[in-house]
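Descriptive structure summary
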Amino acid sequence: MVTNVLDYLEEIAGCFPDKVALVDDNSSITFFQWLQKAESIGTAICGIASGAVRRPVLVFVDRRIEGLVGFMGVVKSGNFYVPIDCKMPDERLKLIVDILNPIVAITVTDTENNILDSIGFEGKRLMYRDVAESCIDDEQLKKVRSRMIDLDPLYAIFTSGSTGVPKGVVISHRGAIDLAEWLVETFGFTDADVLGNQTPFYFDGSVKDIYITLKTGATLTVIGKKYFTFPKLLVKFLNEHKVSTILWATSAVVLIGNSRIFDESRPQYLNKVFFAGEAMPAKQLKVWMDSLPDTSFINLYGPTEITVDCTYYIVNRKFDDDEFIPIGTHCKNMEVLVLNEDNQLVAQGESGELCVRGTGVALGYYNNSEKTREVFVQNPLHNLYEDKIYRTGDIVKYNERGEIEFVSRKDFQIKHMGNRIELGEIEVAVNSMPEVTNAACIYDFDNQKIVLYYTTVTGEESDIINYIKTKIPKYMFPNSIWHLNEMPHNLNGKVDRVKLKKMYESHKDN
């Protein structure tokens, strides 16, 4: 029985000690080296943390493998890791540090130490290069390990908070273990696979890459940001590294679909393409499916609070450009409940909030019991025993095939001209236009206006209204339409709607 993710690393290091585990633009390490370095770092943390366990440790990450080694070092010490983007604004980092009061920070560069200085960080620090090869105290590590259980925290990833204060989602070993077991069992990953990582390591989508690698002995190849600026180089990179699987943010898949690079060259070894994070437009997915007819395409869905994914859909048919790609059905050992406003299960075709129960549900928000109580709640279908569910805030419905379809965010649902409208439905209609590459809606509550932003292949404006008049009713037509050269995205790869709202405010003022 696997009760700690280190069980994976130790087993794989024994089976494939000399096999390359992690690769980035500058270096690579084997599974045995990964284990040895993790034990060194774990020993160093134990040495300066005065026996602390189950406490947060900051690990600075970038498009490099040192962060992943640092993660396992933290786990070896009996604590949990918190990935920190090395380019994170100082103000946000200060907020996170204030919430966590971390026992240690692991840095890789002098610049990161300067960042800690700039926010007045007074905690203990370890420089990666100083501790990754240091002495290992086996007895100390064994002593710590004997105290750990599968419900102990493994990592915390910070998401944006509605009040401006970030929330640290705490995930257990059991959540990550069940995710890895399900992914490997369902999709047949083996040590022969090569994963091409796109998702930043401070974003929960990367958890899949990390733990598939640890579970199977696959190789994880970190793809540098520059390759997404030059798609031709990206395809060359995938082929040179023989990448067999990608688990990317939807925005990255859409970016490549819009680039038309597959007209020139195609990935030769790619057999599985997973996408997650936002609704996938059918138009861009069709480009991939037509170009790679022998490749499997899988839509994964889930918020950070349920250990990355709770539903999946293996794409098994073609979709029209104005159709939703389903998010499918529940993952193993997870149950999804679609509840209406009366907290009852929805009827066929009725929309409701997707709620989740199962081992993947997070332990809560670190040091924030008030926000935890708001969304991690008792299952409203009974009160016979404690049965925690997570309310995602996502509106979904079952289609005629029994598949779950994402409709919109709860906070994207508006009342406009007396009608209840899902902004996501407008976005799907606009995204189906041949020349449109991306579309996003916001709502001006003060003036009761639906505001649309969109980008095009040509970089020129399109006649949006004339196209969508056959797709959606008139009361859903955008009242204000803005063409952009580029759609803004946040650090998680999702459309940055906060920035769109700020842009709109400046437009109104002018």
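What this report covers is the structure whose coordinates are included nearby. All chains use their own residue numbering, which begins from 1 and follows the written sequence. Under the rules for a predicted model, residues below a pLDDT of 70 receive no local features and side-chain atom pairs below 80 are neither given nor counted, while totals for whole chains, interfaces and linings still include all residues. Calculation of side-chain values draws on the structure's entire complement of heavy atoms; hydrogens and water are dropped beforehand.

1. Section: helix α5 (residues 110–118)
- Three labels apply to residues, based on accessible area from a 1.4 Å probe with only protein chains included: buried if under 20% of the type maximum, exposed if over 50%, partly exposed otherwise in between. Secondary structure elements follow DSSP: runs of H or I of four or more residues count as helices, runs of E of two or more count as strands, with numbering from the N terminus. Looking only at α5, the buried set comprises Glu112, Asn113, Ile115 and Leu116. Looking straight down α5, one finds its buried side chains confined to an arc of 155°; they lie on one side.
- Those residues of α5 hidden inside the fold are in contact with β3 (56–61), α4 (90–100), β5 (104–107) and β6 (124–127).
- Taken from the residues just after α5, glycine 120 is the one with a positive phi, measuring 75°. Summarising the geometry, the arc corresponds to the directions from the helix axis toward the C-beta atoms. Here, two residues are considered to be in contact whenever any of their heavy atoms come within 4.5 Å of each other.

2. Points about unusual backbone geometry
- One non-glycine residue, arginine 54, lies in positive phi territory at about 60°.
- In this structure, arginine 54 sits in the loop between α2 (31–48) and β3.
- Since its relative accessible area comes to 31%, arginine 54 is described here as partly exposed.
- A positive phi angle is found at asparagine 101, which is not glycine, with a value near 50°.

3. Remarks on empty space enclosed by the protein
- Here a cavity means grid points, on a 1 Å grid over the protein atoms only, where a 1.4 Å probe fits yet cannot get out; a pocket means an open set of points with protein on both sides within 12 Å along at least five of seven lines; lining residues are those with an atom within 4 Å of a point. Grid points are joined across faces, edges and corners, and a volume is the space filled by probe spheres set on the points. Inspection of the entire model under this criterion finds two cavities of 30 Å³ or more.
- Computed from the structure, the largest cavity encloses a volume of approximately 70 Å³.
- Note on residue classes: Ala, Val, Leu, Ile, Met, Phe, Trp, Tyr, Cys and Pro are nonpolar, Asp, Glu, Lys and Arg are charged, and everything else, Gly too, is polar. Partitioned by chemical class, the residues of the lining of the largest cavity number five nonpolar, four polar and three charged.
- Within this model, the second largest cavity holds a volume of roughly 30 Å³.
- The wall of the second largest cavity is formed by Ala282, Leu285, Lys286, Met289, Lys318, Phe319 and Ile325.
- Of the residues that constitute the lining of the second largest cavity, the class distribution is five nonpolar, no polar and two charged.

4. Description of the packing of aromatic side chains
- Side-chain rings of Phe, Tyr and Trp (the six-membered ring for Trp) are treated as a pair once their centres are within 6.5 Å; stacked means planes under 30 degrees apart, edge-to-face means over 60, and tilted covers the remaining angles. Taken as a whole and assessed by the stated rule, the structure comprises 17 aromatic pairs.
- Summarising the aromatic geometry, the rings of phenylalanine 71 and tyrosine 81 are spaced 4.0 Å apart at their centres and angled 10° between planes, so their arrangement reads as stacked. Of this pair, phenylalanine 71 sits in helix α3 (residues 66–76) while tyrosine 81 sits in strand β4 (residues 80–85), placing them 10 residues apart in sequence.
- By relative accessible area, phenylalanine 71 is classed as buried at 1%.
- Using a relative accessible area of 2% as the deciding quantity, one classes tyrosine 81 as buried.
- Centre to centre, the rings of tyrosine 365 and phenylalanine 376 are 5.5 Å apart; their planes meet at 70°, and the pair counts as edge-to-face. Remark: phenylalanine 376 occurs in strand β19 (residues 376–378) and tyrosine 365 occurs in strand β18 (residues 364–365); sequence separation between them is 11 residues.
- Classification of phenylalanine 376 by relative accessible area gives buried; the value is 7%.

5. Description of the nonpolar core
- The definition of a nonpolar core used throughout is a set of buried Ala, Val, Leu, Ile, Met, Phe, Trp, Tyr and Cys residues joined through side-chain atoms within 4.5 Å. Membership of the largest hydrophobic core comes to 88 residues, with the highest contact counts inside it found for Leu22, Trp34, Phe71, Met72, Tyr81, Tyr211 and Leu354.
- With eight residues, helix α8 (residues 173–187) is the single largest residue contributor to this core.
- Those residues in contact with tyrosine 211 that lie beyond four places of it in its chain are Val5, Met72, Tyr81, Leu154, Ala176 and Ala180.
- Within the second largest apolar cluster, 31 residues are counted, among which are Val243, Met280, Trp288 and Val315.

6. So, the sheet that holds strand β2 (residues 28–30)
- Note on pairing: two strands pair once DSSP finds at least 2 bridges between them. Read across the sheet, nine strands follow the order β2-β1-β10-β9-β11-β12-β13-β14-β15 without closing on themselves; strand pairing throughout is mixed. Pairing within the sheet leaves two strands with one partner each, and these edge strands are β2 and β15 (329–330).
- Running at roughly 155° to strand β9 (residues 194–197), helix α9 (residues 206–216) makes contact with β1 (20–23), β9, β10 (219–222), β11 (245–249), β12 (272–276) and β13 (296–301) of the sheet. Interaxial angles span 0 to 180 degrees and are taken between N-to-C directions of axes, which are lines fitted to C-alpha atoms, for helices over the stretch in contact.

7. Topic: the layout of surface pockets
- Approximately 1,000 Å³ is the volume found for the second largest pocket.
- Taken together, 33 residues make up the lining of the second largest pocket; nearest its centre are Phe228, Ser251, Leu255, Glu486 and His489.
- When residues of the lining of the second largest pocket are traced back to their parent elements, those giving at least two are α10 (226–229), α12 (250–259), β24 (436–444) and β25 (449–456).
- The biggest single contributor to the lining of the second largest pocket is α12, with six residues.
- Partitioned by chemical class, the residues of the lining of the second largest pocket number 13 nonpolar, 15 polar and five charged.

8. As for the environment of asparagine 197
- With respect to the helices, strands and loops of the structure, asparagine 197 is situated in strand β9.
- The class for asparagine 197 is buried, based on a relative accessible area of 0%.
- A 3.5 Å cut-off defines polar contacts: any pair of N or O atoms within that distance qualifies, except that in protein one atom must be a possible hydrogen donor and the other a possible acceptor, and neighbouring residues in sequence count only when both atoms are side-chain atoms. Within the structure, asparagine 197 has its side chain in polar contact with the side chain of aspartate 209 (distance 2.8 Å).

9. Regarding the pattern of salt bridges
- The salt bridge criterion pairs a side-chain nitrogen of Lys or Arg with a carboxyl oxygen of Asp or Glu, the two atoms within 4 Å. In total, this model carries 29 salt bridges according to the counting rule given.
- Of the charged contacts in the structure, one is a salt bridge between arginine 145 and glutamate 10, with a shortest N-O distance of 2.8 Å. Highlighted residues: arginine 145 in helix α7 (residues 138–145) and glutamate 10 in helix α1 (residues 6–15), separated in sequence by 135 residues.
- When the shortest N-O distance is used, the salt bridge between glutamate 353 and arginine 391 registers 3.2 Å. Linking glutamate 353 in strand β17 (residues 352–358) with arginine 391 in strand β20 (residues 388–398), this pair joins segments that are 38 residues apart in sequence.
- We classify arginine 391 as buried; its relative accessible area is 17%.
- Among the charged side chains, a network of salt bridges with common partners joins Asp7, Glu10, Glu39, Lys76 and Arg145.

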